Amino acid sequence: MGYVKGLICKECKKEFPKEPIHVCEFCFGPLEVDYDYETIKKVVTKKSIEAGPPSMWRYEALLPLDESPKVGHHTGFTPLVRAKNLGKALGLKNLYVKNDSVNHPTFSFKDRVVSVAVSKAIEFGFDTVACPSTGNLANSLAAHAAEAGLKSVIFIPDDLEAGKILGTLIYGAKLISIKGSYDDINRLCSEIGNTHNWAFVNINIRPYYGDGSKSYGYEIAEQLGWKTPDNVVVPVAGSSLITKIWKAFHEFEMLGLVDNVKTKVFAAQATGCSPVTTAIKNGSDNIIPVKPNTIAKSIAIGNPADGYYGIKTANSSGGYGEDISDEEIVAAMKLLAQTEGIFTETAGGVTVGVTQKLVKQGRIKPDEVTVICITGNGLKTQEALADSFPAPQVIEPNIDSFEEIFANGLTV
Ligand SMILES: *Cc1c(COP(=O)(O)O)cnc(C)c1O
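All of these numbers come straight from a predicted model, not from anything done at the bench.

Each value, and the rule that gives it
Residues numbered from 1 in each chain as written. Predicted model: local features only at pLDDT ≥ 70, side-chain atom pairs only at ≥ 80, totals over all residues. Heavy atoms only, no water. Domains from an automatic or database assignment. Contact = heavy atoms within 4.5 Å. Buried area = accessible area lost by both parts, 1.4 Å probe. Salt bridge = Lys/Arg side-chain N within 4 Å of Asp/Glu carboxyl O. Helix = DSSP H or I, 4+ residues; strand = E, 2+ residues; numbered from the N terminus. Buried < 20%, exposed > 50% of the residue type's maximum accessible area, 1.4 Å probe, protein only. Lys, Arg positive; Asp, Glu negative; His and termini not counted.

Before going further, it helps to examine the domain arrangement of the chain. By the assigned domains, the chain splits into domain 1 (4-72 + 110-209) and domain 2 (80-106 + 213-385). Its C-alpha centre places domain 1 at a distance of 21 Å from the equivalent point of domain 2. Each partner contributes residues to the interface: domain 1 has 39 residues there, and domain 2 has 39 residues. A combined buried area of about 3,500 Å² lies between domain 1 and domain 2, and 51% of that area is made up of carbon and sulfur atoms. If you look at where domain 1 meets domain 2, you find 7 salt bridges.

Shown next, in the form of structure tokens:
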């Protein structure tokens, strides 16, 4: 087991050993995991994957561990929902929702990256894991650290939703709230990493962490019957997920598990934090950092680590980038809930609302197979809906009270 040769610089291709490092010391490019695809080709087949566990670990040969996973054994293999009702509302005949709002154990796609990163941190011998987080990563890291018996130190912006805060504290994590944006915290954590020998899962463990996201792409392809979709609409924060879905589809193509990949990848952001989609719309390769101001806090990263590659992925696939307002996010959260019975968080509102926009623009066509990424759970971001619904009517527990409100115009 374990088909990792080492790390390789994404830019200058210089090779590095398997260590907790993430930046090329020659050209400062990001490091990524270098797999032994020749051997993988000989051992991985559709059959071997289908015989695996109903979790992301059915793709273990394509994930960057040397030993068996230490945590997150039940993460992944979430439903790919055939979304007929939402499709009708959006004018799409072949619409699917990849639903990580029910991922195990903390209800977001971050359980995938953290299962890998914490397992890797244990392989490296760390006793403490840490991260800067916009919320879901905090929840997931705290939970997996608890399962592993590791200490966890987690840094968040001081304006996060209550569910994200309590959903971190419950696991016994050390939680530090910072007066600043995610980008300020990320910078601070890099400095802390110089003096504390911790596994910052999305900094010094980032090359391994990021590859956990590939499982989301593998699952889409397998669950479509070993096919890649025509379109995939991806929420973008640091741009890890969007680049790894693309990588996953192309690895499957290289391994002969799917035919030619023709998927258009669409980046989705909130207008209040849209450095990636703005660059795509402007035809630019470069991120201009922004100060986030949106209810989609889980994807509010103003200076995304892999932003350049996120732009490249959307462009080279023939996709595009779009963003929507906070009001449109709320409307889209309601639309998904009321058509499919899926309660997603703000980031899921972003992908549903952006898909709607892309259909109107004619960039996504009615007959194409389209997958919307739903990456987080709505019970964690209730604040976004605070003013959306009137409180339910309160009545006495007798039939007269009920008939009274019914006569007064209660509609069902
Ligand atoms: C973190 C996150 C994303 C996207 O993250 P990337 O940094 O772009 O990989 C999307 N949705 C949710 C709910 C998230 O928490």
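As a further point, take the side chain of D183. With respect to the helices, strands and loops of the structure, D183 is situated in helix α7 (residues 182-195). Of the side chains bearing the opposite charge, R187 lies closest to the buried D183, which forms no salt bridge; the N-O distance is 6.6 Å. Apart from the residues lying within four places of it in its own chain, the contact partners of D183 are V290, P292, I301, G302 and N303.

Inspection of the entire model under this criterion finds 22 salt bridges. Across the pair D66 and K120 runs a salt bridge whose closest N-O atoms are separated by 3.8 Å. Remark: K120 occurs in helix α4 (residues 110-124) and D66 occurs in the loop between α2 (46-50) and β4 (80-82); sequence separation between them is 54 residues. Its relative accessible area of 29% is what places D66 among the partly exposed residues. Across the salt bridge formed by D100 and R112, the nearest N and O atoms sit 2.7 Å from each other. One end of the pair, D100, is in the loop between β5 (94-99) and α4; the other, R112, is in helix α4, with 12 residues separating them in the sequence.

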